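As a plain string of letters, each chain reads:
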Amino acid sequence: MSFIPSIHPPDSQDRPILWFIFDKSKLLVISEHGTCSLPDGGQVEAGGLKPIHQLFFGLLEDRLCYAAGLCPDDPLPASFEWMDLRGLPGTIGEELFWIAGRANHLLDWDQSHRFCGRCSHPTEDKSEERAKRCPACGLINYPRLSPAVIVAVVKGDQILLARNKRFRAPFYSVLAGFVEPGETLEQCVQREIHEEVGLSVKKIRYFGSQPWPFPNSLMVGFVADYADGMIAVDNSELMEAAWFSAQSLPALPSRISIAWQLIDWFVNSRQVRH
Ligand SMILES: [Zn+2]
């Protein structure tokens, strides 16, 4: 499947529709006979559903992709159900999960920028790009992206993993934090590691990136070597942090996340060395 992002549907409207209908971070799916799928135009119409805040955001092969919400009072027909976005990779598949994440990101931005943040006048969609313009004062808002660094800190044959207070499940992951204005990504890596566990790091190198649409992060992955210090956990964010070897890893985050990819890289790099 190939997804092509776009802000206007093609002139020929005679194409099937694929709906990405959300209630916050829950996506409307059709679940029957043990399979899970996204509703198409006909199924939404047959179910009597009336999507609101419709937003066209691209083409998946020949299908028009629309993000939307639903009136909270609308009853769900049989076989329709709300599914948490995080559970989607294992049900509708990875590719649709990332497209649904994009849809949720754009819908969240669209709904939270209906009024100008500077003068409170209602905004208008720009026609030539994905942006909203205030007709009164001219302020333009683009979809918001919040860059965050995520870092695998390595010390010899061990990796630094921590359990975050916000994690709902009891797993450990690499450290992450949002980039602040005026900061380079490398400075952010140094600051976050120092703030959260009291360590300094060296040889910071780029690993890869991943959009994380809950609701609008862009994770920028790095690998760094331990330089100095003893672990001193900042208990406002973390429950625990410790060094782990590749042979004794704790419960880890979802395999779809760049956090898991960083830990997987660590495990593989140790095996190559030995
Ligand atoms: Zn304004």
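Relevant structure appears above.
Let me begin by describing the structure that accompanies this report. (Residues numbered from 1 in each chain as written. Predicted model: local features only at pLDDT ≥ 70, side-chain atom pairs only at ≥ 80, totals over all residues. Heavy atoms only, no water.)

### Details of the overall build of the protein
Secondary structure summary: the protein contains four helices and 16 strands in total. On the principal axes, the C-alpha backbone points of the protein span a range of 60 × 55 × 30 Å. When the 274 residues of the protein are sorted by exposure, 43% land in the buried category. Of all intrachain contacts in the protein linking residues separated by at least 6 positions in sequence, the fraction that spans at least 24 positions is 62%. Just so you have it, the protein exposes about 14300 Å², and 52% of that area is on carbon and sulfur atoms. In the protein, 26 side chains carry a positive charge and 33 a negative one; their mean positions are 5 Å apart. (Helix = DSSP H or I, 4+ residues; strand = E, 2+ residues; numbered from the N terminus. Buried < 20%, exposed > 50% of the residue type's maximum accessible area, 1.4 Å probe, protein only. Contact = heavy atoms within 4.5 Å. Areas by Shrake-Rupley, 256 points an atom, 1.4 Å probe, with all protein chains shown as cover. Lys, Arg positive; Asp, Glu negative; His and termini not counted. Charge placed at Lys NZ, Arg CZ, Asp CG, Glu CD.)

### Regarding the packing of aromatic side chains
What the rule picks out here adds up to 10 aromatic pairs. Taking 4.8 Å as the distance between ring centres and 70° as the angle between the ring planes, the aromatic pair formed by F97 and W98 counts as edge-to-face. We classify F97 as buried; its relative accessible area is 1%. On the basis of relative accessible area, W98 is assigned to the partly exposed category, the value being 24%. Ring geometry for Y226 against W243: centres 5.7 Å apart, planes inclined by 90°, an arrangement best described as edge-to-face. Here the residue Y226 occupies a position in strand β15 (residues 217–228), and W243 occupies one in strand β16 (residues 238–245), the gap between them amounting to 17 residues. Both residues of the pair, Y226 and W243, count as buried. (Phe/Tyr/Trp six-rings, centres within 6.5 Å; stacked < 30°, edge-to-face > 60°.)

### Considering the environment of A169
Relative to the assigned elements, A169 resides in the loop between β12 (158–164) and β13 (175–178). Since its relative accessible area comes to 36%, A169 is described here as partly exposed. Placed 50 residues apart in sequence, A169 and M219 show a C-alpha to C-alpha distance of 20 Å.

Shape is all these values report; function is a separate question.
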